[in-house]
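# Breakdown of the fold
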Number of protein chains: 2
Amino acid sequence: MKKYLSVLKNCPLFYGIREENLFTMLSCLGARVESFDKKYTVFAEGSPARYIGIVLSGSVQILQGDYYGNRSILSHMKESDVFAEAFACAELPSLPISVVANEPSEIMLIECSHILHTCNNNCGFHQQLIFNLMKDLASKTILFHQKIEVVSQRTTRDKIMTYLSQEAKKRGSNSFDIPYDRQELADYLEIDRSGLSAEIGKLKKEGIIESHKNHFELL
Amino acid sequence: MKKYLSVLKNCPLFYGIREENLFTMLSCLGARVESFDKKYTVFAEGSPARYIGIVLSGSVQILQGDYYGNRSILSHMKESDVFAEAFACAELPSLPISVVANEPSEIMLIECSHILHTCNNNCGFHQQLIFNLMKDLASKTILFHQKIEVVSQRTTRDKIMTYLSQEAKKRGSNSFDIPYDRQELADYLEIDRSGLSAEIGKLKKEGIIESHKNHFELL
DNA sequence: GAAAATCTGTTGAATTTTCAACAAACGGAG
DNA sequence: CTCCGTTTGTTGAAAATTCAACAGATTTTC
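Keep in mind the model is a prediction, meaning the values are calculated, not measured.

For the rest of this paragraph, the subject is the protein's contact with DNA strand C. Residues in close proximity to DNA strand C total 14 residues, the closest being A:R182, A:R193, A:S197, B:T156 and B:K213. Sugar and phosphate atoms represent 58% of those atoms of DNA strand C found within 4 Å of the protein. Separating a phosphate oxygen of DNA strand C from a side-chain N or O atom of A:S197 is a distance of 2.9 Å. A distance of 3.3 Å separates a base nitrogen of DNA strand C from a polar atom in the side chain of B:S194. Of all the secondary structure elements, the ones that give two or more residues to the surface near DNA strand C are helix 7 (182-189) and helix 8 (193-205) of chain A together with helix 8 (193-205) of chain B. Across the surface near DNA strand C, the residue classes tally to 1 nonpolar, 6 polar and 7 charged.

In structure tokens, the structure reads:
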């Protein structure tokens, strides 16, 4: 597990935990690591919402299944990101989303109740973890908020531009890669793929953006 | 302030705080109460995100302003609900939303830093409040999640039905009132008002729902 | 390196949504 | 009770999105 030290140090859940205590704490929490190949399911929709996931390597997508198989991508989680924590913390009986590996990935799983309720060893780090969870949930709320801002746009063009502007702002640069291919971007923006391709073509022709594959640039 | 005891006891932020300690704690936190007439602004978009709001009486709407004045309703908050906590907890420099009173309302304002950082009196309730905030933020995430599920639907009809189903589930009844008039419902669902009216008409004609003004029934 | 599978851009037709305008219904003020 | 402002439902035309189908490009597999 040592090889994940740098990833774990960047994980918002472990902010303020001293390096020499990290692995003791993890074993006390019963953390374990599992590997998933591309397209394999980490959490299935409807399964119990007991675990918090942390991406150690690779990346995963949070998916929401519609009435009838209409895939909708909620977000993309990369190294050091925490996922499914809201459902576990809110103690929902079952998960309303599924989590799927986007590439071969290693995932750390922690049972949420081990964090929320102090253990018999009376470890001192629970308060810090709960504080960190609170911070993390606050930023997740803001993340969802941004997704709502995007899908609230009425036109395909406005959705694309709102999304690209958000990404540019996050990266602090007008030139960046996105983690989605065309179909996935359409699933995130909740629009038709062919309409997305067409609109990106127009935006390029009009000199508003430049793009090659999943690299984009705002002009 | 005593008259708000029952409202405050229902507020998720104060879960587990003993009644006899509540008001001492509130004064220690520097909580204050302000009144707002209908349509008055509680928090303006762009203002500093320092305060957590709690609805003591009345109700407020959380609004997001588009590029060009396209109003979008994020959510409706009623008695005992907490709002703007995510932005304050995440220590955003400024609010990305505005909060407007939906009717004459009384709002309790608490500076978030007073909750997050232990005070010089060394009060013992900070840990409980942080835990409560964490829980509250988890359920807020789920609330936004539901809003995303609604606006992710591609058609007007599916948006309406997804929203009504969610409400029915929350209330535990197929017969319920919604807190929005037609224009506001359209702003929440991110659709055209006239299209909304037309679609509600169709759903009634087809015997799928029954409705009179803001009362709805799923059949 | 060739074949197979997947991804992307393009098109036109069908469908749906938006927009603008208006009249009926409703609600509050005097 | 009546007037006036607001809300709601309806309509048809304009605009936008979705859908289906296909061909070229790219990537993966063996």
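Further remarks concern the nonpolar core. Counting 64 residues, the largest nonpolar core has A:L13, A:F14, A:L26, B:L13 and B:F14 as its most contacted members. Among the nonpolar cores identified, the runner-up in size contains 48 residues, and A:I209, B:M161, B:L164 and B:L218 belong to it.

All right, on to the interface of chain B and chain A then. Contacts between chain B and chain A engage 40 residues on the former and 39 residues on the latter. For the pair chain B and chain A, the summed buried surface comes to about 3600 Å²; carbon and sulfur atoms form 64% of the total. Connecting chain B to chain A are 4 salt bridges. With a shortest N-O distance of 3.7 Å, A:E190 and B:R154 are connected by a salt bridge. Applying the counting rule to chain B against chain A returns 11 residue pairs in polar contact (both at pLDDT 80 or more). Contributing elements (two or more residues each) for the side of chain B that touches chain A: strand 5 (71-78), helix 3 (85-89), helix 5 (126-152) and helix 6 (156-171) of chain B. It is helix 5 of chain B that contributes the most residues to the side of chain B that touches chain A, 17 residues altogether. Split into classes, the residues belonging to the side of chain B that touches chain A amount to 22 nonpolar, 9 polar and 9 charged.

The next subject is the protein's contact with DNA strand D. Taken together, 14 residues surround DNA strand D, and among them A:T156, A:D192, A:K213, B:R182 and B:S197 come closest. Near-protein atoms of DNA strand D (within 4 Å) split between backbone and bases, with sugar and phosphate holding 60%. At a separation of 3.0 Å, a phosphate oxygen of DNA strand D approaches a polar backbone atom of A:D192. Looking at the surface near DNA strand D, the elements that each hand over two or more residues are helix 8 of chain A together with helix 7 (182-189) and helix 8 of chain B. If one sorts the elements of the surface near DNA strand D by residue count, helix 8 of chain B sits on top with 3 residues. When grouped by side-chain class, the residues that make up the surface near DNA strand D number 1 nonpolar, 6 polar and 7 charged.

Moving on to the sheet that holds strand 2 (residues 41-43) of chain A. Residues and elements named next belong to chain A. Reading across from one edge, 2-7-4-5 is the order of the 4 strands in this open sheet, with antiparallel pairing throughout. Since the sheet does not close on itself, it has two edges, and those belong to strand 2 and strand 5 (71-78), each with one partner. Neighbour to neighbour, the strand axes of the sheet diverge by 30 degrees on average, direction disregarded. Bridge count for strand 4 (residues 59-65) against strand 7 (residues 98-101) is 4 bridges, and the pairing is antiparallel. Each residue of the ladder has a partner; that of V60, found in strand 7, is A101. Contacting strand 4 and strand 5, helix 7 runs over the sheet at an angle of about 105 degrees to strand 5.

Residues and elements named next belong to chain B. Its place among the elements puts K202 in helix 8. For K202, a relative accessible area of 47% gives the class partly exposed. Considering only alpha carbons, one finds K202 and R157, 45 residues apart in sequence, at a separation of 9.3 Å.

It is worth spelling out the pairing of strand 10 (residues 209-212) of chain A at this point. Only one face of strand 10 of chain A is covered, namely the face carrying A:I209 and A:S211; the face carrying A:E210 and A:H212 is uncovered. Between strand 10 of chain A and strand 11 (residues 215-218) of chain A, which pair antiparallel in sequence order, lie 2 residues; one of them, A:K213, sits at a positive phi of approximately 55 degrees.

In this section: the pairing of strand 11 of chain A. Residues and elements named next belong to chain A. Side chains F216 and L218 project from strand 11 onto a buried face, and the interleaved H215 and E217 project onto a face without burial. Note: strand 9 (residues 175-177) against strand 11, 3 bridges, orientation antiparallel. Counterpart to D177 in the pairing with strand 11 is H215. Taken together, the 4 bridges between strand 10 and strand 11 define a ladder with antiparallel strand orientation. Counted as the bridge partner of I209 is L218 from strand 11.

Definitions and cut-offs
Residues numbered from 1 in each chain as written. Chains lettered and ligands numbered in written order. Predicted model: local features only at pLDDT ≥ 70, side-chain atom pairs only at ≥ 80, totals over all residues. Heavy atoms only, no water. Near = heavy atom within 4 Å. Polar contact = N/O pair within 3.5 Å; in protein donor to acceptor, adjacent residues only side chain to side chain. Helix = DSSP H or I, 4+ residues; strand = E, 2+ residues; numbered from the N terminus. Nonpolar A, V, L, I, M, F, W, Y, C, P; charged D, E, K, R; others polar. Core = buried A, V, L, I, M, F, W, Y, C linked by side-chain atoms within 4.5 Å. Buried < 20%, exposed > 50% of the residue type's maximum accessible area, 1.4 Å probe, protein only. Contact = heavy atoms within 4.5 Å. Buried area = accessible area lost by both parts, 1.4 Å probe. Salt bridge = Lys/Arg side-chain N within 4 Å of Asp/Glu carboxyl O. Pairing = 2+ DSSP bridges. Axes fitted to C-alpha atoms, helices over the stretch in contact; angles between N-to-C directions.

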